[in-house]
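# Secondary and tertiary structure notes
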Amino acid sequence: PFGWYREMRADSPVRYDADRELWDVFRYDDVKYVLDNDGLFSADPATAGFGEEIADSEGEPPPVFDTMLFADPPEHDRLRGVVAEFFSPRAINEQADRIRGLTERYLDDLNDEFDLVSELAYPMPVDVIAEMLGVPTDDRAMFKRWSDTLIERPEATTEAEMESFQQRQRETQREMSEYFSSLIETRRADPQDDLITAIIDAEVDGHRLSEREMVGFCTLLLVAGNITTTNLITNAMRCFTSRSGLFDEFRSGETELSTAIEEALRYRSPVQALFRVTTEPIDLGGREIPAGEGVVAWLGSANRDERMFDRPDEFVPDRQPNQHLSFGYGTHYCLGAPLARLEAKIALESLLERFETIEPVETDLRPIRSSFIYGVEKYPLRIR
Ligand code: HEM
């Protein structure tokens, strides 16, 4: 998409796409402006009647819409406040050993040739979040199916195909809701040292989460916390193998792994686009966007904006400063950023420590089927 972004930044940095009935925003400053002004750009799709098509049979939107991700302040701050402490860098760093242990177990099982996605980058973050929540890891295959469905892009051309796509989405939401409702019941009766128990008890300014909000939060974590981190690990490895000698630079300390991970986040951003709805008419990039319109803020384009970054289309492992927008910006800045960074660092570090050479097996890489998640389905590697 990067060539297309470049053209758009130059010729139509803010534009209306009549086919999708959406506005697109491509330049760094404009994308940041959208994310930084939550009063003008609502994160709640219901603001303009979006999301109705995925309502269940009772006309209720799925619980994931009752989460911080789709809420504006002050509601947003209440929902985020209840769980924020569990995701602070300090709380997350305490889990480093556990994450390392999980990672090592996956490495033990690797063959000389393996698929990075299915053998490590996907299962490890799912295990981590499942363990944090208190969900049995045996249910992992189910989570994979759920999250695959939720990020799917409708390829439907006929009404019947579209209906079947929406049906699958609704069914998945329903399965996830039932699953987490029953897990919450179990924990109410028998509290454990896990996140589900903690959010049942958590209180901010006298507020507790409703049952629906808890279910929404659990589903949000599973979805937000796994596809994204999987693709960070894989995309970073793709960046790293493209530069010969880089692994040795990491091992000798000449180049910081963490700095290179930030650059991978910028260069191959796992989340390419975010969605907002205007609350009033707004001038942006020389266009007037009316109230109640859907706006797509292209993070992937902002991160390649030549107005912001030198050599934007080059992967520069020691790039600093690096103010990429890959975790968003402002109110909704990714809650899981410290966890995602730690997981990626541990996964890549462990691979580097254990194997002398890591190289891609030449194959056609197939992009993930999603309009806003960027990554590949499989990434075969050869190790020695
Ligand atoms: C929000 C990206 C990993 C939980 C966001 C947003 C982005 C993002 C761009 C902003 C959404 C918006 O403004 O509408 C990423 C990327 C990740 C990652 C690229 C991995 C590389 C995680 C993980 C978790 C997580 C591991 C949790 C376990 C969340 C939550 C929000 C969020 C709860 C909503 C925050 C709010 O609305 O206040 N993420 N994320 N993310 N992320 Fe992440």
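This write-up is about the structure you can find in this document. Along each chain, residues carry numbers from 1 onward, in the same order as the chain's sequence is written. Per-residue local features are limited, in this predicted model, to residues with pLDDT of at least 70; the limit for side-chain atom pairs, both in listing and counting, is 80 or more; totals at the level of whole chains, interfaces and linings are taken over all residues. The side-chain numbers reported here are obtained from all heavy atoms of the structure, hydrogens and water having been left aside.

## Thoughts on the packing of helix α11 (residues 211-241) against helix α15 (residues 337-354)
Where α11 meets α15, the axes come as close as 10 Å, and the angle between the chain directions of the two elements is 45°. When the axis of α11 is compared with that of α15, the two are oblique. Seen along the crossing, α11 lies across α15 with a hand that is right-handed. Where α11 approaches α15, its residues Thr229, Leu232, Ile233, Ala236, Met237 and Phe240 are matched on the opposing element by Ala340, Glu343, Ala344, Ala347, Leu348 and Leu351. Residues that form the contact of α11 with α15 fall into these classes: ten nonpolar, one polar and one charged. Simply put, an axis is a line fit to the C-alpha atoms, just over the touching stretch for a helix, and the angle between two N-to-C directions goes from 0 to 180 degrees. Put simply, DSSP marks the helices as runs of H or I at least four residues long and the strands as runs of E at least two long, and each gets a number from the N terminus on. Every angle not falling under 35 degrees, over 145, or within 65 to 115 is termed oblique; those three ranges are roughly parallel, roughly antiparallel and roughly perpendicular. Left-handed describes a crossing whose near helix is turned anticlockwise from the far helix by less than a right angle; the clockwise case is right-handed. Every residue pair with non-hydrogen atoms within 4.5 Å of one another is taken to be in contact. Each residue is assigned to one class: nonpolar for Ala, Val, Leu, Ile, Met, Phe, Trp, Tyr, Cys and Pro, charged for Asp, Glu, Lys and Arg, and polar for all the others, Gly among them.

## Digging into the pairing of strand β8 (residues 294-298)
Summary of the burial criterion: residues with accessible area below 20% of their type's maximum are buried, those above 50% are exposed, and those between are partly exposed, where the area comes from a 1.4 Å probe applied to protein chains only. With five of five residues buried, β8 lies mostly within the body of the structure. Because side chains alternate across β8, one face comprises the buried residues Gly294, Val296 and Trp298, and the other comprises Val295 and Ala297, equally buried. Only strands that DSSP links by at least two bridges are regarded as paired with each other. With three bridges connecting them, strand β2 (residues 22-25) and β8 associate as parallel partners. Counterpart to Trp23 in the pairing with β8 is Val295. Summarising the sheet, strand β5 (residues 273-278) and β8 pair through five bridges and their orientation is antiparallel. Bridged to Val277 within β8 is Gly294.

## Description of the coordination of the iron atom of the ligand
Its sole protein donor being Cys334 (SG), the iron atom of the ligand sits 2.3 Å from that atom. Topologically, Cys334 is positioned in the loop between α14 (299-302) and α15. Keep in mind that water is not among the atoms, so a site may look incomplete; donors are the N, O and S atoms within 2.8 Å of the metal, or 3.2 Å for Na, K and Ca.

## What about the nonpolar core?
By nonpolar core is meant a set of buried Ala, Val, Leu, Ile, Met, Phe, Trp, Tyr and Cys residues that side-chain atoms within 4.5 Å join together. Leu116, Phe143, Phe180, Met237, Phe240 and Leu351 are the most contacted members of the largest nonpolar core, which has 107 residues in total. Among the elements that line this core, the one with the most residues is α11, at 15 residues. If near-sequence neighbours (up to four positions away) are discounted, Phe240 is found in contact with Leu246, Phe247, Phe250, Leu257, Ala260, Ile261, Phe315 and Leu348. In this structure, Phe2, Tyr5, Met8 and Ala273 belong to the second largest nonpolar core, which totals nine residues.

## Describing the sheet that holds strand β4 (residues 113-115)
The sheet built from three strands is open, its strands ordered β4-β10-β9 with antiparallel pairing. Because the sheet does not close on itself, it has two edges, and the strands there are β4 and β9 (358-360). Going across the sheet, the axis of each strand differs from the next one's by a mean of 35°, ignoring polarity. As judged from the three bridges shared by β9 and strand β10 (residues 380-383), these two strands associate in the antiparallel manner. When the bridges of β10 are listed, Ile358 appears paired with Ile383.

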